[in-house]
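# Structural features, examined
Spelled out, the chains give:
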Amino acid sequence: MFITFEGIEGCGKTTQIKLLKRNLEKQGIACKATFEPGGTAVGKQIRKILLDSRNRGLTPLAELMLYEADRAQHVEALIKPALERGLWVLCDRFFDATVVYQGFARGQDREMIAFLNKKATQDLVPDLTFLLDCPVKIGLARANSRNNKGQDRFEREKRAFHRKVRSGYLELAGKDPERYVLVNAAQSVDAVQKEILKYIGPFFSLGKREV
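Below, the structure is looked at part by part. (Residues numbered from 1 in each chain as written. Predicted model: local features only at pLDDT ≥ 70, side-chain atom pairs only at ≥ 80, totals over all residues. Heavy atoms only, no water.)

### Thoughts on the side chain of Arg 93
Of note, Arg 93 is situated in the loop between strand 3 (88-92) and helix 4 (95-105). Overall, the relative accessible area of 11% leaves Arg 93 in the buried class. Residues contacting Arg 93, with those up to four places away along its chain left out, are Phe 5, Glu 6, Gly 7, Ile 8, Glu 9, Lys 13, Glu 36, Tyr 101 and Tyr 169. (Helix = DSSP H or I, 4+ residues; strand = E, 2+ residues; numbered from the N terminus. Buried < 20%, exposed > 50% of the residue type's maximum accessible area, 1.4 Å probe, protein only. Contact = heavy atoms within 4.5 Å.)

### Thoughts on the packing of helix 3 (residues 60-84) against helix 5 (residues 110-121)
Viewed as axis vectors pointing N to C, helix 3 and helix 5 meet at an angle of 25 degrees, and their least axial separation amounts to 8 Å. Judged by the inter-axis angle, helix 3 sits roughly parallel to helix 5. Seen from above, helix 3 lies across helix 5 with right-handed handedness. Only Met 112, Ile 113, Leu 116, Asn 117, Ala 120 and Thr 121 of helix 5 make contact with helix 3, whose side of the interface consists of Leu 61, Leu 64, Met 65, Glu 68, Arg 71, Ala 72 and Val 75. The residue makeup of the contact of helix 3 with helix 5, split by class, is 9 nonpolar, 2 polar and 2 charged. (Axes fitted to C-alpha atoms, helices over the stretch in contact; angles between N-to-C directions. Parallel < 35°, antiparallel > 145°, perpendicular 65-115°, else oblique. Left-handed = near helix turned anticlockwise from the far one by under 90°. Nonpolar A, V, L, I, M, F, W, Y, C, P; charged D, E, K, R; others polar.)

### So, the packing of aromatic side chains
Under the counting rule described, the total for this entry stands at 5 aromatic pairs. A ring pair is formed by Phe 130 and Tyr 199, whose centres lie 6.1 Å apart and whose planes are at 85 degrees; its orientation type is edge-to-face. Highlighted residues: Phe 130 in strand 4 (residues 128-133) and Tyr 199 in helix 8 (residues 189-200), separated in sequence by 69 residues. According to the relative accessible area criterion, Phe 130 is buried, its value standing at 0%. Ring pairing ties together the aromatic residues Phe 2, Phe 94 and Phe 95, which thus form one cluster. Over the ring of Phe 94 we find Arg 71; its NZ or CZ atom is 5.7 Å from the centre of that ring. The ring of Phe 104 carries the charged tip of Arg 110 above its face, separated from the ring centre by 3.7 Å. (Phe/Tyr/Trp six-rings, centres within 6.5 Å; stacked < 30°, edge-to-face > 60°. Lys NZ or Arg CZ within 6 Å of the ring centre and 35° of its normal.)

### Observations concerning the nonpolar core
Soluble, globular proteins show a tendency: their nonpolar side chains are buried together. Within the largest apolar cluster, 47 residues are counted, with the highest numbers of intra-cluster contacts made by Ile 3, Trp 88, Phe 130 and Leu 132. When sequence neighbours within four positions are dropped, the list of residues in contact with Ile 3 reads Trp 88, Val 89, Leu 90, Cys 91, Leu 128, Phe 130 and Ile 200. Ranked by size, the runner-up nonpolar core spans 11 residues in total, among them Phe 2, Ile 79, Leu 87 and Cys 91. (Core = buried A, V, L, I, M, F, W, Y, C linked by side-chain atoms within 4.5 Å.)

### What about the sheet that holds strand 1 (residues 2-6)?
Reading across the sheet, the 5 strands line up as 2-3-1-4-5 and stay open at both edges, with parallel pairing between neighbours. For this open sheet the edge positions go to strand 2 (31-35) and strand 5 (180-184), each flanked by a neighbour on one side alone. Across the sheet, the mean angle from the axis of one strand to that of its neighbour is 20 degrees, orientation sign disregarded. By the bridge criterion, 4 bridges tie strand 1 to strand 4 in an arrangement that is parallel. (Pairing = 2+ DSSP bridges.)

### Quick look at helix 4
Within helix 4, 11 of the 11 residues are buried, which leaves it mostly tucked inside the rest of the structure. Among the residues of helix 4, those classed as buried are Phe 95, Asp 96, Ala 97, Thr 98, Val 99, Val 100, Tyr 101, Gln 102, Gly 103, Phe 104 and Ala 105. Of the residues one or two after helix 4, Gly 107 is the one with positive phi, at around 85 degrees.

### Quick look at the side chain of Gln 108
Positionally, Gln 108 belongs in the loop between helix 4 and helix 5. On the accessibility criterion, Gln 108 (16% relative accessible area) is buried. If we ignore the near neighbours within four places in the chain, the residues touching Gln 108 are Pro 60, Leu 61, Leu 64, Gln 102, Gly 103 and Ile 113.

### Comments concerning the pattern of salt bridges
Per the stated rule, a full pass over the model turns up 14 salt bridges. Where Asp 96 meets Arg 179, a salt bridge forms, and the shortest distance between an N and an O atom there is 2.8 Å. Of this pair, Asp 96 sits in helix 4 while Arg 179 sits in the loop between helix 7 (159-175) and strand 5, and the two are 83 residues apart along the sequence. Neither residue differs from the other here; Asp 96 and Arg 179 are each classed as buried. Residue Arg 106 pairs with Glu 157 through a salt bridge whose shortest N-O separation is 2.8 Å. Taken as a pair, Arg 106 in the loop between helix 4 and helix 5 and Glu 157 in the loop between helix 6 (136-146) and helix 7 lie far apart in primary sequence, 51 residues in all. A cluster of three or more residues bridged by salt bridges with shared partners is formed by Glu 6, Glu 9 and Arg 93. (Salt bridge = Lys/Arg side-chain N within 4 Å of Asp/Glu carboxyl O.)

Here is the structure:
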């Protein structure tokens, strides 16, 4: 299975993926946790450019192209090989993030984004997408509290930007309820993980057969 996690800054994706990976492995399901941008060696270099708060002059189109370059490398070098080996792949952000951050929030052409996503992913679509949703105020407070090295480019954006991101995610989830699972991320870490496990539990037997 290919499972992605989406949400605004500070929604808890990274923490929930770590917990889910641990719980899956306890069930005997082999899995690979990864993230975008930066899930590959090449991607790590791209990530530095994208998140460096000093790169204020990075244009929206250049930003979009960098994300797609990272994704193309990620799919080809890591995600597809892992899925072909029968692993469950847990990914912190995927193409939906580009739709909302570069499309809804940055205003880039969504048809162009859809075309680039299709090429970069080789038509790969997640089996499940957990949207960890919480108010912008809560997410940014969490993000700021965890950062010892200062805010990245996106965390420095105005709240209006993050509200557009959240709104975009909720719109995508509403249009694709079969893939999206909406989770209240304002809850405690344990409560969020309990919701995720409750939903994904029926798939455990499938994972055990595959690995």
